[in-house]
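Chain residues, written in single-letter form:
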Amino acid sequence: MADWIYDIETYPNCFSLVAVNVETKKGKIFEISYRKDESKALIEWFRELYRNKDRMVGFNSISFDYAVIHYIIKNQDCSV
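About the thresholds
- Residues numbered from 1 in each chain as written.
- Predicted model: local features only at pLDDT ≥ 70, side-chain atom pairs only at ≥ 80, totals over all residues.
- Heavy atoms only, no water.
- Helix = DSSP H or I, 4+ residues; strand = E, 2+ residues; numbered from the N terminus.
- Buried < 20%, exposed > 50% of the residue type's maximum accessible area, 1.4 Å probe, protein only.
- Contact = heavy atoms within 4.5 Å.

1. Looking at the overall build of the protein chain
Then, in step 1: Tallying secondary structure elements over the protein chain gives two helices and four strands in all.
Then, in step 2: Put simply, the protein chain runs from its N terminus to its C terminus through helices and strands in the order β-β-β-α-β-α.
Then, in step 3: With respect to the principal axes defined by its C-alpha atoms, the protein chain has extents near 35 × 25 × 20 Å.
Then, in step 4: For the protein chain, buried positions account for 30% of its 80 residues.
Then, in step 5: The contacts of the protein chain with a sequence gap of at least 6 include a subset with a gap of at least 24, amounting to 46%.

What follows is the structure, encoded as structure tokens:
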């Protein structure tokens, strides 16, 4: 089990998620935009977090970030 500090940014034509593992200090960066679609890699990373029982910790996570992430997971074939 690991903790990941994360933040997302959303714009009309761009989504990004940046996360850092608290213990290892290794990071992950994902982008979904007109120039890059890393949605499949992002979904696979979410699956890996679930399998490992990792936790995501963020600012304003419940009020905003969770809703966006939930939408991406529920609509896996979507892209911006």
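2. Let's talk about the side chain of N21
Then, in step 1: Considering the arrangement of structural elements, one finds N21 in strand β2 (residues 14-21).
Then, in step 2: Beyond its immediate sequence surroundings of up to four residues, N21 is in contact with A2, D3, W4 and K26.

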